[in-house]
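# Structural characterization, general
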Amino acid sequence: QVQLVESGGGLVQAGGSLRLSCAASGRAFSRYAWFRQAPGKERESVAAITWTSGSTYYADSVKGRFTISRDNAENRVYLQMSSLKPEDTAVYYCAAGPVRIGALASTSYDYWGQGTQVTVSS
């Protein structure tokens with residue numbers, strides 16, 4: 001059974017940092033990504049990483065502030081978030097799937113975690 005479990009969310013002040021973790025079990029995937037959804041808004045992409053090559057992709061809104069990485073030994077994907085802003089407040093989801101065209105497209109991913117809440121106070 002495939003499972004993606006996110007952790008690391010919480011409440012942080014603007015300008016602060018958080019690190020999200022996604023633990024994958026059940027099978028290996030070629031690409032992982034983080035998406036987020038704020039109340040009343042559509043889900044949007046944040047970042048993606050190709051497991052074998054380590055290639056990374058970022059939404060313009062987080063470039064220079066967020067870093068996606070992977071840990072081969074622990075089969076985890078991380079999202080290091082720095083210089084957080086109130087507009088980063090959302091539920092963050094981990095997603096996984098094969099390599100497809102469109103690393104930041106939600107349709108490229110077959111499996112999703114339950115999400116972890118990130119709240120940034122001003």
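An account of the accompanying structure is given in this report. Quick caveat: nothing in here was measured; it's all calculated off a predicted structure.

### Describing the overall build of the protein chain
Helix and strand counts for the protein chain stand at zero helices and eleven strands. In sequence order, the protein chain lays out its α and β elements as β-β-β-β-β-β-β-β-β-β-β. Taking 14 Å as the expected radius of gyration for a compact globule of 122 residues, we find that the protein chain reaches 13 Å, a close match to that expectation. The dimensions of the protein chain, computed from C-alpha atoms along their principal axes, are 40 × 25 × 25 Å. Taking all 122 residues of the protein chain together, the buried fraction comes to 42%. At a minimum sequence separation of 6, the contacts of the protein chain that also span at least 24 residues come to 57%. Roughly 6,200 Å² of accessible area belongs to the protein chain as shown, and the carbon and sulfur atoms make up 45% of that amount. Charge-centre separation for the protein chain: the mean point of 12 positive side chains lies 3 Å from the mean point of 9 negative side chains.

### Some words on the state of the cysteines
What makes a disulfide is a covalent bond joining the sulfur atoms belonging to two cysteines. Considering all chains together, one arrives at one disulfide under this definition. Here Cys22 connects covalently by a disulfide to Cys94, the sulfurs 2.0 Å from one another. Of note, the bridge from Cys22 to Cys94 carries an S-S torsion of about -75 degrees and is left-handed in sense. Of the two residues, Cys22 sits in strand S3 (residues 18-25) while Cys94 sits in strand S9 (residues 90-97), which places them 72 residues apart along the sequence. Here Cys22 falls in the buried class, since its relative accessible area comes to 1%.

### A closer look at unusual backbone geometry
Positive phi, normally seen in glycine, also occurs at Asn75, with a value near 55 degrees. Considering the arrangement of structural elements, one finds Asn75 in the loop between strand S7 (66-71) and strand S8 (76-81). Its relative accessible area of 24% is what places Asn75 among the partly exposed residues. In this model, Ser83 sits at a positive phi of 50 degrees, which is unusual for a non-glycine residue. Tracing the sequence through the fold places Ser83 in the loop between S8 and S9.

Analysis parameters
- Residues numbered from 1 in each chain as written.
- Predicted model: local features only at pLDDT ≥ 70, side-chain atom pairs only at ≥ 80, totals over all residues.
- Heavy atoms only, no water.
- Helix = DSSP H or I, 4+ residues; strand = E, 2+ residues; numbered from the N terminus.
- Rg over C-alpha atoms; globule rule 2.2 N^0.38 Å.
- Buried < 20%, exposed > 50% of the residue type's maximum accessible area, 1.4 Å probe, protein only.
- Contact = heavy atoms within 4.5 Å.
- Areas by Shrake-Rupley, 256 points an atom, 1.4 Å probe, with all protein chains shown as cover.
- Lys, Arg positive; Asp, Glu negative; His and termini not counted.
- Charge placed at Lys NZ, Arg CZ, Asp CG, Glu CD.
- Disulfide = S-S within 2.5 Å.

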